[in-house]
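Chain by chain, the residues:
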Amino acid sequence: MRALVQTVSRANVTVGGETVGEIRDGLLVLVGVTHDDTPAKAAELARKTWELRILDGDRSASDEAAPVLVVSQFTLYGDARKGRRPTWNAAAPAEVAEPLVTELVNALRARGATVSTGRFRAHMLVESVNVGPRTVLLEI
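Throughout, a residue's number is its position along its own chain's written sequence, starting from 1. At least 70 in pLDDT is required for a residue's local features to be given in this predicted model, at least 80 for side-chain atom pairs to be given and counted, and no such filter applies to totals for whole chains, interfaces and linings, which use all residues. Side-chain metrics rest on all non-hydrogen atoms present in the structure, leaving aside hydrogens and water.

Go over the overall build of the protein, please, and point to the residues and values.
In terms of regular secondary structure, the protein is built from three helices and five strands. The helix and strand sequence of the protein, counted from the amino end, reads β-β-α-α-β-α-β-β. All radius of gyration figures rest on C-alpha atoms, and the globule criterion is 2.2 Å times the number of residues raised to 0.38. Over its C-alpha trace the protein gives a radius of gyration of 14 Å, about what one expects of a compact globule, namely 14 Å for 140 residues. Counting only C-alpha atoms and orienting by the principal axes, one finds that the protein spans roughly 40 × 35 × 25 Å. Relative to its 140 residues, the protein shows a buried fraction of 39%. Contacts are assigned to residue pairs with any non-hydrogen atoms lying within 4.5 Å of each other. Within the protein, residue pairs in contact and separated by at least 24 positions form 75% of the contacts whose partners lie at least 6 positions apart. When charges are tallied, Lys and Arg are placed among the positive residues and Asp and Glu among the negative ones, while His and the ends of the chain are skipped. By convention, the point assigned to a charge is CZ for Arg, NZ for Lys, CD for Glu and CG for Asp. Charge-centre separation for the protein: the mean point of 17 positive side chains lies 5 Å from the mean point of 17 negative side chains. Helix and strand assignments follow DSSP, with helices taken as H or I runs no shorter than four residues and strands as E runs no shorter than two, numbered in order from the N terminus. Burial here depends on accessible area, computed with a 1.4 Å probe over protein chains only, as a share of the maximum for the residue type. Under 20% is buried, over 50% is exposed, and the range in between is partly exposed.

Below, the structure written as structure tokens:
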């Protein structure tokens with residue numbers, strides 16, 4: 001699993017004109033799933049994300065009780081090394097990815113996080129205002 005974690009002053013996800021997820025002063029987490037990912041990897045990614053010391057003062061989301069917005073992002077496994085058209089072969093199919101993204105969200109909530117999400121398999125508009133900017137790529 002891969003997660004692109006960004007500190008944000010605000011972020012939201014809109015689907016069909018409806019806001020389906022929104023946070024303020026927290027973490028925007030774009031999550032990609034590959035073929036060999038497991039629930040154990042999702043739990044580890046949740047732990048690492050929640051405890052990542054990326055906020056002001058070398059603090060983590062767990063230290064600050066900062067909210068988290070999780071958005072599925074299969075394109076994190078895109079490969080554009082050849083030519084101009086990326087391949088998505090390393091991205092898990094939706095049937096595999098969706099339960100693992102749900103597992104990640106549930107693991108974050110079990111740790112005490114307030115989590116909002118995008119909508120799986122939907123055309124989402126994701127808006128964010130980065131703080132810092134601070135962006136970290138996590139891979140489990």
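Before we move on, can you summarise the sheet that holds strand E2 (residues 18-32) with the specific residues and values?
Strands are labelled as partners when DSSP assigns at least two bridges between them. Read from one edge to the other, the open sheet built from five strands follows the order E4-E3-E2-E1-E5, with strand pairing classed as mixed. A single partner strand is all that each edge strand has here, and the edge strands are strand E4 (115-117) and strand E5 (125-139). Strand-to-strand twist across the sheet, computed as the mean angle between neighbouring axes with direction ignored, equals 35 degrees. With 13 bridges joining them, strand E1 (residues 2-15) and E2 adopt antiparallel strand pairing. Each bridged residue has a counterpart across the sheet, and for Thr-14 the counterpart in E2 is Thr-19. Strand contacts of helix H3 (residues 94-110): E2, strand E3 (68-72) and E4, with the helix running at about 170 degrees to E3, the strand carrying the most contacts. Interaxial angles span 0 to 180 degrees and are taken between N-to-C directions of axes, which are lines fitted to C-alpha atoms, for helices over the stretch in contact.

Which residues make up the packing of aromatic side chains, and what values go with them?
We call Phe, Tyr and Trp rings a pair once their centres come within 6.5 Å, taking the six-membered ring for Trp, and we label the pair stacked below 30 degrees between planes, edge-to-face above 60, and tilted otherwise. For the structure on display, the rule yields one aromatic pair. When the centroid spacing of 5.3 Å and the interplanar angle of 75 degrees are considered together, the rings of Phe-74 and Trp-88 count as edge-to-face. Taken together, the residues span a long stretch of sequence, with Phe-74 in the loop between E3 and H3 and Trp-88 in the loop between E3 and H3 at a distance of 14 residues. Relative accessible area serves as the criterion here: at 44%, Phe-74 is assigned to the partly exposed category. Classification of Trp-88 as partly exposed rests on a relative accessible area of 36%.

Go over the layout of surface pockets, please, and point to the residues and values.
Roughly 300 Å³ of volume is contained in the largest pocket. Of all the secondary structure elements, the ones that give two or more residues to the lining of the largest pocket are E2 and H3. Counting residues per element, the lining of the largest pocket draws most heavily on H3, at three residues. Residues are called lining when one of their atoms sits within 4 Å of a cavity or pocket point, these points coming from a 1 Å grid over the protein atoms alone, where a cavity is a set in which a 1.4 Å probe fits but cannot get out and a pocket is an open set with protein on both sides within 12 Å along at least five of seven lines. Grid points are joined across faces, edges and corners, and a volume is the space filled by probe spheres set on the points. In this structure, the second largest pocket spans a volume of roughly 150 Å³. Those elements that place two or more of their residues in the lining of the second largest pocket are E3 and H3. Take the lining of the second largest pocket: its biggest share by element is six residues, from H3.

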